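What the coordinates show
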Amino acid sequence: MPDLLLELFSEEIPARMQTRAANDLVRLIDDGLKGAGLEFGLAEAHATPRRLVIWVEGLPVAQPDVVEERKGPRVDAPVKAIAGFLTATGVRIEDCEKRQDKKGTFYVAHIEKKGRPTTDVIADIVPEVIRKFPWPKSMRWGSGDLRWVRPLQSILCVFGGEVVPFEVGGIESGNQTRGHRFMSDGAPFEVRNFEDYGTKLEAAKVILEADARAVLIREQAEALAAEHGLELIADEGLLREVAGLVEWPRALLGSFDESFLDVPPEVIITSIKSHQKCFSLRNPETGDLSNHFILVANIEADDGGAKIIAGNERVIAARLSDAKFFWDQDRKVKLEERLPALEKITFHAKLGTQAERVERIAELSTEMAERIGIEIEQTVEAARLCKADLVTELVGEFPELQGVMGGYYARAEGLHPELADAIANHYRPQGPSDAVPSRKIAQAVALADKLDILACFWAIDEKPTGSKDPYALRRAALGVIRIVLEQGLKLPLTQILRPHLSRPLERHARSDEAFADKLKQKYLMEGGDPAKADARWEQGHREECVAREVIAATNDLLAFFADRLKVYLRDQGARHDLIDAVFALGGQDDLSIIVKRVEALGNFLNSEDGQNLLTGFKRASNILVAEEKKRTEIAEAVNRGLFDTPEENALLSALEAVEGDVEQAVYQEDYEGAMAALARLREPVDTFFEGVMVNADDRAVRANRLALLTRIRAAAIKVADFSKIAG
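What counts and what doesn't
Counting from 1, residues in each chain are numbered in the order their sequence is written. Side-chain atom pairs in this predicted model are given and counted only at pLDDT of 80 or more, local residue features only at pLDDT of at least 70, and totals for whole chains, interfaces and linings cover all residues. As a rule here, side-chain values come from all non-hydrogen atoms in the structure, and water together with hydrogens is ignored. In DSSP terms, a helix is any run of H or I states spanning at least four residues, a strand is any run of E spanning at least two, and both are numbered starting from the N terminus. Computation of the radius of gyration draws on C-alpha atoms alone. For the globule rule, the value is 2.2 Å times the number of residues to the power 0.38. Buried, partly exposed and exposed residues are distinguished by accessible area as a fraction of the type maximum, computed with a 1.4 Å probe on protein chains only: under 20%, between the cut-offs, and over 50%, respectively. The contact rule is simple, with two residues in contact once any of their heavy atoms fall within 4.5 Å. In this tally, Lys and Arg are treated as positive and Asp and Glu as negative; His is ignored, and so are the chain termini. Lysine's charge is taken at NZ, arginine's at CZ, aspartate's at CG and glutamate's at CD. The aromatic pairing rule takes the rings of Phe, Tyr and Trp, using the six-membered ring of Trp, and pairs them if the centres are within 6.5 Å, calling planes under 30 degrees apart stacked, those over 60 edge-to-face and the rest tilted. The span one expects for a helix is its residue count, reduced by one, times 1.5 Å. Whether two strands pair comes down to DSSP finding at least two bridges between them. Structural elements are reduced to axes, namely lines fitted to C-alpha atoms, with helices fitted over the stretch in contact, and the angle between N-to-C directions of any two is expressed from 0 to 180 degrees.

Side note on the overall build of the chain
- What the chain contains, in helices and strands, is 26 helices and 20 strands.
- Computed over its C-alpha atoms, the radius of gyration of the chain comes to 36 Å, more than 25% above the 27 Å expected for a compact globule of 727 residues.
- Expressed along its principal axes, the backbone C-alpha trace of the chain runs to roughly 100 × 100 × 65 Å.
- With 727 residues in all, the chain has 48% of them scored as buried.
- Pairs at least 24 residues apart make up 69% of the contacts formed inside the chain by residues separated by at least 6 positions.
- Averaging the positions of the 94 positive and the 120 negative side-chain charges in the chain gives two centres separated by 5 Å.

Here is the structure:
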């Protein structure tokens, strides 16, 4: 079966857009072909700086023929109606089927539709895809009939070795493309299929696959660094970006004056990365940053790249001179002296300034320090200064260095090392691969920072929706989870979040009239007189409404933490049903305790006793749920006097012996011990269900036995909701 090859050749496509564009091209072509009834094998897209390409393998030469069934008039309908139906369908009356239903016997026509050639289908689909392509940014040029990321120069579209003819924006499709802008002779060349295309492109100094370009860049850079006794500082994001900037990568080694190494290494790395897309190097023995760097050219220069290196060195020298100037100037002002400037920076229109945010973080850091058991004064001082570097020149130039630079400035002015460490690391962890802060003060400030941003945005109802999370709140919640769990901290989130939600929520209620009206409608006007709402609002009901809203927002935020924790634990290999079984208990707001429960439950269920007891617990629960739905009478307490089997006596005695032990173990957070206590119920529960009919004919006996089952369920629910567990 023939293949389709489509290349959209243009001026340079920004590297950041290439991966998404390739994915969008696959999706749109896939949707178009399948929507036309064309099935195929592989669809593979590629992007280089100048071309967007898709190869579709194994398309049929034509759409499949289809038979359309159309219902006509009744057989006893007027002659004109039948004639009109036959004319419209192009079918003879003797070829129609007579079909009977409740309303009579009707003519049914079977219309055969011949499938269109795939070439014609492609000629319809591709122009539409090009016209509606979802570039984040695009431009018009020429006559303005077409928008594309950069001026589109040619379209190669070949199916089964033949050109698929169409025209878009004045550009006619063909079977020709061009190679590297500089390394090839510039002459167009014809292409028959994807294999031919790849071979000729490489001969014309173009590596089509982005992954192949990235591998080549890494190999060249590592070899060049090793040749000079240096080590490449890995940066996957930069590697991918550079692979999107070149079609024929060639790594070159440059250098800058050693005097710039007095500037913090993060500044140098960030400067040469952001301005020149260059890779930094270090001494593998000491780990110190080197004054050499790797740049990636798009050509094999006749002079070995000397002019390219010299040009990059001049630009980098100028950029590092600016960075050194900023570094020197910033150190002339202490962090403490910068705090008033935070009052002029708006954090969020509904949440006030950065100065107000710092005040909240410092307040929350006090509580974090108390709970972690560390020195409060130093923790609060770190919290007060943690955002001061936002008003420095270097952070203004490189916002991604906030926190890091604050740590350097703190050390430069002689502040305590732990305080400087806390300032430098309070944004961590910023992702699943980022380490949590290792020192206690940094952990306290990091927790305060993340809990504050979560509480504040929940207070103003700016929560993540779908895939949108502009304030990185999911990342903040995951950061809290990782710090708490990896450091074994105990944080009852309800006690922490409720008071911290109050201030921003109160501010929101005072400053946002729409929000205040929402609270009035929600709490004050339920069945009341609308005319009295404002008066009641001013007579103290604002505080009552805010307090109730704080509780609602806290509960919603805890549910968000629960979802994030589920994702985290599942990634760690925990069973989702065990997580659900613990969360189903309600009131679970201590992350460490939740994890302990899940781990203990998993270990318990891996044992024979655990599996057998799970069966008994679920059986008891299922019987109770069924009888409760039927409103069957269940005794309030178990009455031994109504027992008429030894199994009932044995089960109640076992429950009485176990219940207290389970409760005590849970109180002491000994969940393994609680499970061990529950395990003692295995034999009496099994024996009970083997020898006792719960739904006895005697109403009182049945109600008493159901009460016994409630005791089983109550004992289990102290540890987890076993009804949520699979198996």
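Topic: the packing of aromatic side chains
- For the structure shown, the criterion picks out 13 aromatic pairs.
- Consider the rings of Phe 133 and Trp 135, whose centres lie 4.9 Å apart with planes at 50 degrees: the pair is tilted. Across this residue pair, the class does not change: Phe 133 and Trp 135 are buried.
- Between the aromatic rings of Phe 457 and Tyr 471, the centroid separation amounts to 4.1 Å while the plane-to-plane angle is 20 degrees, which identifies the pairing as stacked. Taken together, the residues span a long stretch of sequence, with Phe 457 in helix α15 (residues 440-459) and Tyr 471 in the loop between α15 and α16 (473-487) at a distance of 14 residues.
- On the accessibility criterion, Tyr 471 (31% relative accessible area) is partly exposed.
- Feature note: the residues Trp 55, Phe 194 and Tyr 197 constitute an aromatic cluster, connected by ring pairs.

As for helix α1 (residues 15-35)
- If you check α1, its first and last C-alpha atoms are 31 Å apart, about what 21 residues at 1.5 Å a residue would give, namely 30 Å.
- Among the residues of α1, those classed as buried are Ala 15, Met 17, Gln 18, Ala 21, Ala 22, Asp 24, Leu 25, Leu 28, Ile 29, Asp 30 and Leu 33.
- In the core, the buried residues of α1 are packed alongside β1 (4-10), β2 (43-48), β3 (51-56), α3 (118-131), α5 (210-227) and α6 (236-243).
- At the exit of α1 stands Gly 37, carrying a positive phi of roughly 80 degrees.

Section: unusual backbone geometry
- The omega torsion across Arg 428 and Pro 429 is -5 degrees, close enough to zero to call that bond cis.
- For Pro 429, the location among the structural elements is in the loop between α14 (417-425) and α15.
- Positive phi values are uncommon outside glycine, yet Glu 669 reaches one of about 60 degrees.
- Along the chain, Glu 669 turns up in the loop between α23 (646-667) and α24 (671-679).
- Assessed through its relative accessible area of 25%, Glu 669 is described here as partly exposed.

Points about the sheet that holds strand β15 (residues 231-232)
- Spatially, β15-β17-β18-β16 is the arrangement adopted by the four strands of the open sheet, whose pairing is antiparallel. Two strands bound the open sheet, and with one partner strand each, they are β15 and β16 (250-255).
- Pairing geometry for β16 and strand β18 (residues 289-297), over six bridges, is antiparallel. By the bridge assignment, Ala 251 is partnered in β18 with Val 296.
- The strands touched by helix α7 (residues 265-276) within the sheet are β17 (279-282) and β18, with β18 carrying the most contacts at an inclination of about 10 degrees.
- Those strands touched by helix α8 (residues 306-330) are β16 and β18, and its axis lies near 125 degrees from that of β18.

Section: the environment of Ala 459
- Residue placement: Ala 459 occurs in helix α15.
- Taking the C-alpha atoms as reference points, Ala 459 and Pro 504, separated by 45 residues in sequence, lie 6.1 Å from one another.
- Not counting chain neighbours up to four residues away, the residues in contact with Ala 459 comprise Leu 501, Pro 504, Leu 505, His 508 and Phe 515.

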